[in-house]
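Spelled out from the first residue to the last, the chains are:
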Amino acid sequence: MRYTRIGAYILIGGFFGILLILFGVNNFPGKSRVRNLTGQAVACADKPLGVERKLCYEQEIPALSLALSPEEIFAFIRAQQKKDPTLLHCYLVGHKIAEMFVTHNPENWVALLRDDPSQGACSNGYTYGIPIVALRLNHSAVGMQLDQLDAACLTGVLSKRVACMKAVGSLYHHIAYPSVSKAMDMCDETGAKEDDQEIDGVLPREVCYEGVIHDALMPLDPSVAADPLLYGVTQKTSGAFCDALVNQTRVDVCRIGRWQLHHESLGTAQGIKDFCTDGISAVGQQQCYVRMFRALGWRFSEDYKRIASICDGVDDALQRSCYQQATKDAVRTRGVAAGVALCTHTPTSLAVACVESVVALAGAYTEKDTAARDVFCQDVPTDFMKRCLAVENK
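**Points about the overall build of the chain**
- Counting its secondary structure elements, the chain contains 24 helices and zero strands.
- Counting all 394 residues of the chain, 49% fall into the buried class.
- On the chain, roughly 18,800 Å² of surface is accessible, and the fraction owed to carbon and sulfur atoms is 57%.

**Examining the environment of Ser-159**
- You can see Ser-159 is positioned in helix α11 (residues 158–176).
- Considering only alpha carbons, one finds Ser-159 and Ser-118, 41 residues apart in sequence, at a separation of 9.2 Å.
- Leave out the neighbours within four places in its chain, and Ser-159 touches Gln-119 and Tyr-365.

**A closer look at the side chain of Ser-65**
- Tracing the backbone through its elements, the reader meets Ser-65 in the loop between α4 (51–63) and α5 (70–83).
- Of the polar contacts made by the side chain of Ser-65, one reaches the backbone oxygen of Pro-62; its length is 2.8 Å.
- If sequence neighbours within four positions are ignored, Ser-65 has contacts with Ile-73, Met-100, Phe-101 and His-104.

**Points about helix α23 (residues 370–377)**
- All of the buried residues in α23 are Arg-373, Phe-376 and Cys-377. Each buried residue of α23 sits inside an arc of 85° when the element is viewed along its axis, so together they form one side.
- For α23, the elements touching its buried residues are α19 (316–334), α20 (336–343), α21 (348–359), α22 (362–366) and α24 (382–389).

**Thoughts on the packing of aromatic side chains**
- Applying the stated rule across the entire model yields three aromatic pairs.
- Between Tyr-91 and Tyr-128 the ring centres are 6.5 Å apart and the planes differ by 40°, which places this aromatic pair in the tilted class. Pair noted here: Tyr-91 is in helix α6 (residues 91–104) and Tyr-128 is in helix α8 (residues 125–137), with a separation of 37 residues, a long-range link.

**Concerning the state of the cysteines**
- If you walk through the whole model with that rule in mind, you get nine disulfides.
- Shown here is the disulfide that connects Cys-343 with Cys-354, its sulfur atoms set 2.1 Å apart. The S-S bond linking Cys-343 to Cys-354 shows a torsion near -80°; that makes this disulfide left-handed. Within this pair, whereas Cys-343 is found in helix α20, its partner Cys-354 is found in helix α21, the two being separated by eleven residues in sequence.

**Re the packing of α19 against α20**
- For the pair α19 and α20, the least separation of the axes is 6 Å and the interaxial angle reads 150°. With respect to each other, α19 and α20 are oriented roughly antiparallel. Between α19 and α20 lies a crossing of right-handed hand. Taken together, the residues of α20 that come into contact with α19 (itself represented by Ala-326, Thr-327, Ala-330, Val-331 and Arg-334) are Val-336, Ala-338, Gly-339, Leu-342 and Cys-343.
- Across the contact of α19 with α20, the residue classes tally to seven nonpolar, two polar and one charged.

**Points about the environment of Ala-282**
- Structurally, Ala-282 is set in helix α17 (residues 282–299).
- Given the relative accessible area of 59%, Ala-282 is considered exposed.

**Details of the confidence of the model for the chain**
- Averaged over all residues, the pLDDT of the chain is 84; the fraction at 70 or higher stands at 85%.
- Within the chain, the lowest mean pLDDT, 40, falls on helix α1 (residues 2–23), and the highest, 97, falls on helix α16 (residues 269–276).
- Within the model, pLDDT remains below 50 along residues 1–29, and this stretch shows ten contacts once partners closer than five positions in the same chain are excluded.

Definitions and cut-offs
Residues numbered from 1 in each chain as written. Predicted model: local features only at pLDDT ≥ 70, side-chain atom pairs only at ≥ 80, totals over all residues. Heavy atoms only, no water. Helix = DSSP H or I, 4+ residues; strand = E, 2+ residues; numbered from the N terminus. Buried < 20%, exposed > 50% of the residue type's maximum accessible area, 1.4 Å probe, protein only. Areas by Shrake-Rupley, 256 points an atom, 1.4 Å probe, with all protein chains shown as cover. Contact = heavy atoms within 4.5 Å. Polar contact = N/O pair within 3.5 Å; in protein donor to acceptor, adjacent residues only side chain to side chain. Arc of directions from axis to C-beta. Phe/Tyr/Trp six-rings, centres within 6.5 Å; stacked < 30°, edge-to-face > 60°. Disulfide = S-S within 2.5 Å. Axes fitted to C-alpha atoms, helices over the stretch in contact; angles between N-to-C directions. Parallel < 35°, antiparallel > 145°, perpendicular 65-115°, else oblique. Left-handed = near helix turned anticlockwise from the far one by under 90°. Nonpolar A, V, L, I, M, F, W, Y, C, P; charged D, E, K, R; others polar. pLDDT = per-residue confidence, 0-100.

This is the structure we're talking about:
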């Protein structure tokens, strides 16, 4: 009996010893601690290119949530993306990270959304995942917390506000399914009090509409069949699907949001023009061009010549916008250096304006964080450094 008890103490001691290694985060100072905990995830880059490496990241990175904070995990992801560009396409990794954190503390999902540190990493998979996982775990509790979403989504840096409100739209679609119109009505209720506070030039409720349409035509939740046929919508029938929404603003958002069904034709200047003038109002067309130009920044990754050939082919009045929006998304998905690199491929007459569009993002991405501002500005050309450090917060 005595030996059994001693054996039990040894087992218990060993168990807590393992927990101390995993959770005793103060045993390692700062970066050293992160390095000690991320070794297996770093090693994924040595796996064969393709499915095996992808699955490795999808397993190892979310597992870090046992010992690291969301901020530390996304700092690691951004550092690893620079070493292994295949990790840039990591939507599912982000979603699984959200699943881990929300599952650990389901009642805290609104705070996780409010404090989201991902800043666009992994195509916002983390941001979109938070409310969807919370809904799956406790539908009634999420319904009781919907009134907190305004405060959660309309504060903080610009990139977070956009992704957050789109995630809310996705959540509303899950709640109102199969009615897209009812989901958009919920967006109106959420954004109605904040109609004067635009997010990246668009009203909050319209950004929320985008999340609804994205989720309806291309589900954001990996547990749903990633298939544009949720409503039986195809490329040919998508126009009629959107027109049934009647309200012109909603129709415009829907027609723009169906771009994923037309992505093959949107790799040329003419294809973008044809898409953005198809049943979309004059106001909506301007928003459409912004969205399509911005998508070039991540769709064609570091193929700067491809992006330049598309921007050079659009109407003269749109060329500057094309380069600036593509550059913005290059910064969002791959960092400041990528945006500056794209600017080197612009026509001489637009080169300065292109770099200025990168510098202008400093306030939106770093807010009042001086250290983050220093990091953001270190990759801009020397001539723009002083201006970058002085950009007002947004």
